[in-house]
Protein chains: 2
Amino acid sequence: MAKKVSISDVAKSLGMSKTVVSLVINGKGDLHRINKDTQQRVLLKVTEMNYQPNVLARGFRTGKTNTIGLIVTEISNTFYSKVASYIEELAWQQNYSVVICSTNELVEKEKRQIKLLVDRKIDGIIISSSQKTSDSFDHLLEEGIPHVLIDRSFENSKSPSVSVDNFGGARMAARHLITQGITDIALVALKGEHVSTTRDRIAGFRSSLSDHNLSIPESRIIHAKPRYIHDTIKNSLQSYYYQNKMPRAIFAIDNNLTFICLEYLQKLSVKIPAETALIGFDDLQYFRYTDPSISAIEQPVEKIGEAAFNLLLEQIKDNSLMGKQNSVLLPVDINIRRSSKII
Amino acid sequence: MAKKVSISDVAKSLGMSKTVVSLVINGKGDLHRINKDTQQRVLLKVTEMNYQPNVLARGFRTGKTNTIGLIVTEISNTFYSKVASYIEELAWQQNYSVVICSTNELVEKEKRQIKLLVDRKIDGIIISSSQKTSDSFDHLLEEGIPHVLIDRSFENSKSPSVSVDNFGGARMAARHLITQGITDIALVALKGEHVSTTRDRIAGFRSSLSDHNLSIPESRIIHAKPRYIHDTIKNSLQSYYYQNKMPRAIFAIDNNLTFICLEYLQKLSVKIPAETALIGFDDLQYFRYTDPSISAIEQPVEKIGEAAFNLLLEQIKDNSLMGKQNSVLLPVDINIRRSSKII
DNA sequence: ATGAAAGCGCTAACAG
DNA sequence: CTGTTAGCGCTTTCAT
């Protein structure tokens, strides 16, 4: 373990003060009108001695760590891992590292993770929150900690968010089913109507139905708790099936739920779409090749990552922007495939 | 931005020295035989004043950050995002955060990421490396920086690794094809035979073939560069197709390549498995439901994450273990599905 | 059993 | 233009 050379070592061997060295290596040489010549000498010595600034000491001193936090509900969900991938890439280009946290939809875990990140003095947070209120984020706002909400957002929150048109997307899905004459539709969602995506997707779906004087009875809504998704969907579908009450179509509001619906419909040998059509929110590359291929609303994943990171970077660079940025709402597309095409 | 209360604030308001407070909050009270009573008072005051130790200052002082780094080639690949998810969960339970880096198979990026993590004084690194030699890791070993290689490993390296039986898994795949009478097989791999997984999977496959006096000619090996995977596979398959030389089966050595093969085979309307069978290394939940369902070698993803984190934690807790741990080799399974079942 | 004090490596007032 | 100096908040000898 080679002993580290510190800034004083460099200064000493150069016969200068730490200040000069510090200024030069931080690119503030010109700003402080330090001799071009001196600067050269410093830089030279630095490489010569292979001086590596102690990042921790610097962070401790400046409060900046060049690290951002990314909190998502489940990093192994393709949607989030893709978003994470884009964010990681952009961050890397700007010299930021990304700390990733997975909350498993647990509010307590999320809160502790936020606290941890703040304690660690990360420069900003991008988060897909499971919380019911925006309190945590109002707090961050007060404390001046840059952050951006993604995917899910809060009403009346000044924290900027990047989301997609969940309402509109769900309407597209509904319309697509309705125009094919389908009226008896079940809706599969994660429990928790406080989650904006869930709420908006359900609301959008309902709004389109109601445009056609249709509605979804409570019995047609499957609310799965995060930890019991499989069981809930399995049981609900089975009970429909054995009571001879399979819905004519199912709209599942995320990629995971959609896929699980496919699984259990297949296990029950329900013919898709002939007996029950299926459409989901959030498309996966795999949906194109399943049997039958699955219709889904496609989210602009790359743009979400991009917009979120840019908003965050803006705040980091200019703290006065906090609470003043506009939220971003991105459009979605519908990919109609065999699982929902009746005609 | 509420001003932070520091350890001196606590000490002052308690009329004690920082030392006592520090010792107590770090659980070293008993060790230093500090009055039970004093300890109580400190703890009380700490919560009362809502004292939050400055993690950065502590890290700066101790060189410990309670953070580990996870470097993978592509976090959006389900295999890695699952591994990441398990590691994140275990780390969380042990009070560690995880910094995730994606290398896109770029050796330079990987090296810079390692350096960055080391500079940041992360406590350890779990890495799936794209490098040709173990130099970087020999280095880490010398510097006493805990690390574990996952997925890919190096021969003659003292760095512990967690990998699966790639050789054996590939043999299973080959055997499965061969016993069905298939002899003309193409192999699809990422370019870079220095990558142990690629090497071992190819070697295993070949070894099984040669057991049956079979072999794979160069023309049947598709080596795709990371950035041109789609094009390479598309072109190769097209050229086979138009020359009327489709192989009787394809073995693709990772989940991504496998899926892409499926895509282009379908686009060329090649019947799977009737005309060309397909089997891949690394199973995905989706493979069960594609059309046709895809056969694949299944890796124990959870165990990989678990073993890697445990090995790392051991090193972190006991530095003297470095370079002395045994590597872990995990078994794989074969899931035979329709894509490769001819009989 | 507790305290004083040094110092980790760095940055940023402030002097000169 | 460059140097001196004072901490940032914490841990950790070393005294007492």
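**Some words on the overall build of chain A**
When helices and strands are tallied, chain A shows 12 helices and 12 strands. Against the 2.2 N^0.38 benchmark of 20 Å for 343 residues, chain A shows a C-alpha radius of gyration of 26 Å, more extended than a compact globule. Taking all 343 residues of chain A together, 56% fall into the buried category. For chain A, the proportion of contacts with a sequence separation of at least 24, taken over those separated by at least 6, is 70%.

**Points about the protein's contact with DNA strand D**
Taken together, 28 residues form the shell around DNA strand D, and within it Thr19 of chain A together with Ile7, Lys18, Tyr51 and Arg61 of chain B come nearest. In the model, a phosphate oxygen of DNA strand D is placed 3.2 Å from a nitrogen or oxygen of the Thr38 of chain A side chain. When contributions to the surface near DNA strand D are tallied by element, the ones reaching two or more residues are helix H2 (18-25) and helix H4 (55-62) of chain A together with helix H2 (18-25) and helix H4 (55-62) of chain B. With five residues, H4 of chain B is the largest single contributor of residues to the surface near DNA strand D.

**Points about the protein's contact with DNA strand C**
Neighbouring DNA strand C are 28 residues; Ile7, Lys18, Tyr51 and Arg61 of chain A together with Thr19 of chain B lie closest to it. Thr19 of chain A places a side-chain nitrogen or oxygen 2.9 Å from a base nitrogen of DNA strand C. Arg58 of chain A is positioned with one of its side-chain polar atoms (N or O) 2.8 Å from a phosphate oxygen of DNA strand C. Listing elements by their share of the surface near DNA strand C, those giving two or more residues are H2 and H4 of chain A together with H2 and H4 of chain B.

**Focus: the sheet that holds strand S2 (residues 97-102) of chain B**
Spatially, the 12 strands line up as an open sheet ordered S11(A)-S5(A)-S4(A)-S3(A)-S1(A)-S2(A)-S2(B)-S1(B)-S3(B)-S4(B)-S5(B)-S11(B), and their pairing is mixed. Edge positions in the open sheet fall to strand S11 (328-330) of chain A together with strand S11 (328-330) of chain B, since each of these has one partner strand only. Strand-to-strand, the axes of this sheet are offset by a mean angle of 20°, without reference to chain direction. As defined by bridge partners, strand S3 (residues 124-127) of chain B adjoins strand S4 (residues 147-150) of chain B across three bridges and the pair is classed as parallel. Counterpart to Ile127 of chain B in the pairing with S4 of chain B is Leu149 of chain B. Against the sheet, helix H5 (residues 78-93) of chain A engages strand S1 (67-72), strand S2 (97-102), strand S3 (124-127) and strand S4 (147-150) of chain A together with S2 of chain B, with an angle of about 175° to S1 of chain A.

**As for the sheet that holds strand S6 (residues 185-190) of chain A**
Residues and elements named next belong to chain A. The strand order across the open sheet built from six strands is S7-S6-S8-S9-S10-S12, with neighbouring strands paired in mixed fashion. Edge strands, defined here as strands with exactly one partner in the open sheet, are strand S7 (221-224) and strand S12 (333-335). This sheet shows a mean twist of 15° between the axes of neighbouring strands, independent of strand direction. In terms of strand pairing, strand S10 (residues 295-298) meets S12 through three bridges, oriented antiparallel. Counterpart to Ala296 in the pairing with S12 is Asn335.

**Observations regarding the interface of chain B and chain A**
Listed as interface residues are 52 residues of chain B and, on the opposing side, 52 residues of chain A. Overall, the association of chain B and chain A removes approximately 4,900 Å² of surface from exposure, summing both partners, and the carbon and sulfur fraction of that is 57%. Taken as a group, Trp92, Tyr286 and Tyr289 of chain B account for 17% of the area that chain B buries against chain A, more than any other trio of residues on that side. Our enumeration of links across chain B and chain A arrives at four salt bridges. Between Lys109 of chain B and Glu88 of chain A there is a salt bridge; the shortest N-O distance is 3.7 Å. Connecting chain B to chain A are 23 residue pairs in polar contact (both at pLDDT 80 or more). Broken down by secondary-structure element, the contributors of at least two residues to the side of chain B that touches chain A are H4, helix H5 (78-93), S2, helix H6 (107-119), helix H7 (135-143) and helix H11 (255-267) of chain B. Tallying contributions element by element places H5 of chain B first for the side of chain B that touches chain A, with eight residues. For the side of chain B that touches chain A, the per-class residue count stands at 18 nonpolar, 18 polar and 16 charged. As paired strands, S2 of chain A and S2 of chain B are joined by three bridges and run antiparallel to one another. Bridge pairing in S2 of chain B places Val99 of chain A opposite Val99 of chain B.

**Regarding the pattern of salt bridges**
Side chains carrying opposite charge are able to pair once their charged atoms draw close together. Residue and element names in this part refer to chain A. Evaluation of the coordinates by the stated rule reveals 28 salt bridges over all chains. The partner of Lys36 in a salt bridge is Asp30, and the shortest N-O contact between them spans 2.9 Å. Exposure remark for Lys36: the relative accessible area of 57% places this residue in the exposed category.

**Overview of the pairing of S2 of chain B**
Residues and elements named next belong to chain B. Counting buried positions over the six residues of S2 gives six, a clear majority of the element. Note that strand S1 (residues 67-72) and S2 share six bridges and pair parallel. By the bridge assignment, Ile68 is partnered in S2 with Val98.

**Details of the relation of the copies chain B and chain A**
At an RMSD of 0.1 Å, chain B and chain A line up after a rotation of 180° and a shift of 0.0 Å along the axis. The relationship between the two copies is best expressed as a two-fold rotation axis. Both copies present the same face, since 100% of the interface residues in chain B are matched by interface residues at the equivalent positions in chain A.

**Side note on the domain arrangement of chain A**
The assigned domain composition of chain A is domain 1 (7-53), domain 2 (63-163 + 301-331) and domain 3 (166-299). Between domain 1 of chain A and domain 2 of chain A, the C-alpha centre-to-centre distance is 36 Å.

**What to know about the nonpolar core**
Grouped together as the largest cluster of nonpolar side chains are 157 residues, with contacts concentrated most on Ile68 and Phe205 of chain A together with Ile68, Phe205 and Leu237 of chain B. Apart from the residues within four sequence positions on either side, Ile68 of chain A is in contact with Ile87, Ala91, Tyr96, Ser97, Val98, Val99, Ile122, Gly124, Ile126, Phe309, Leu312 and Ile316 of chain A. In this structure, Ile71, Val118 and Phe137 of chain A together with Val118 of chain B belong to the second largest nonpolar core, which totals 28 residues.

**Section: the packing of aromatic side chains**
If you walk through the whole model with that rule in mind, you get 14 aromatic pairs over all chains. Plain terms: the ring middles of Tyr286 of chain A and Phe259 of chain B are 4.6 Å apart, the flat faces sit at 65° to each other, and that makes the pair edge-to-face. Taken together, the positions of Tyr286 of chain A in the loop between strand S9 (277-281) and S10 and Phe259 of chain B in helix H11 put the pair across two chains. Comparing Tyr286 of chain A with Phe259 of chain B shows no difference in burial state: the two are buried. For the ring pair Phe79 of chain B and Tyr80 of chain B, a centre distance of 5.0 Å and an interplane angle of 70° mean the geometry is edge-to-face. This pair shows no difference in class: Phe79 of chain B is buried, exactly as Tyr80 of chain B is. Three or more aromatic residues link up through ring pairs in this structure, and these residues are Phe259, Tyr286 and Tyr289 of chain A together with Phe259, Tyr286 and Tyr289 of chain B. A cation over a ring is seen here: Arg220 of chain A above Tyr240 of chain A, with NZ or CZ 4.6 Å from the ring centre. The aromatic ring of Phe281 of chain B is capped on one face by Arg201 of chain B, whose charged end is 3.8 Å from the ring centroid.

**A word on the packing of helix H1 (residues 7-14) of chain B against helix H3 (residues 36-48) of chain B**
Residues and elements named next belong to chain B. Two numbers describe how H1 lies on H3: the axes approach to 10 Å, and their chain directions differ by 125°. Judged on the interaxial angle alone, H3 and H1 are oblique. Viewed along their axes, H1 and H3 form a crossing whose handedness is right-handed. Together, Val10, Ser13 and Leu14 of H1 and Arg41, Val42, Lys45 and Val46 of H3 make up the contact between the two elements. Residues that form the contact of H1 with H3 fall into these classes: four nonpolar, one polar and two charged.

Rules used throughout
Residues numbered from 1 in each chain as written. Chains lettered and ligands numbered in written order. Predicted model: local features only at pLDDT ≥ 70, side-chain atom pairs only at ≥ 80, totals over all residues. Heavy atoms only, no water. Helix = DSSP H or I, 4+ residues; strand = E, 2+ residues; numbered from the N terminus. Rg over C-alpha atoms; globule rule 2.2 N^0.38 Å. Buried < 20%, exposed > 50% of the residue type's maximum accessible area, 1.4 Å probe, protein only. Contact = heavy atoms within 4.5 Å. Near = heavy atom within 4 Å. Polar contact = N/O pair within 3.5 Å; in protein donor to acceptor, adjacent residues only side chain to side chain. Pairing = 2+ DSSP bridges. Axes fitted to C-alpha atoms, helices over the stretch in contact; angles between N-to-C directions. Buried area = accessible area lost by both parts, 1.4 Å probe. Salt bridge = Lys/Arg side-chain N within 4 Å of Asp/Glu carboxyl O. Nonpolar A, V, L, I, M, F, W, Y, C, P; charged D, E, K, R; others polar. Least-squares fit on C-alpha atoms with pLDDT ≥ 70 in both. Domains from an automatic or database assignment. Core = buried A, V, L, I, M, F, W, Y, C linked by side-chain atoms within 4.5 Å. Phe/Tyr/Trp six-rings, centres within 6.5 Å; stacked < 30°, edge-to-face > 60°. Lys NZ or Arg CZ within 6 Å of the ring centre and 35° of its normal. Parallel < 35°, antiparallel > 145°, perpendicular 65-115°, else oblique. Left-handed = near helix turned anticlockwise from the far one by under 90°.

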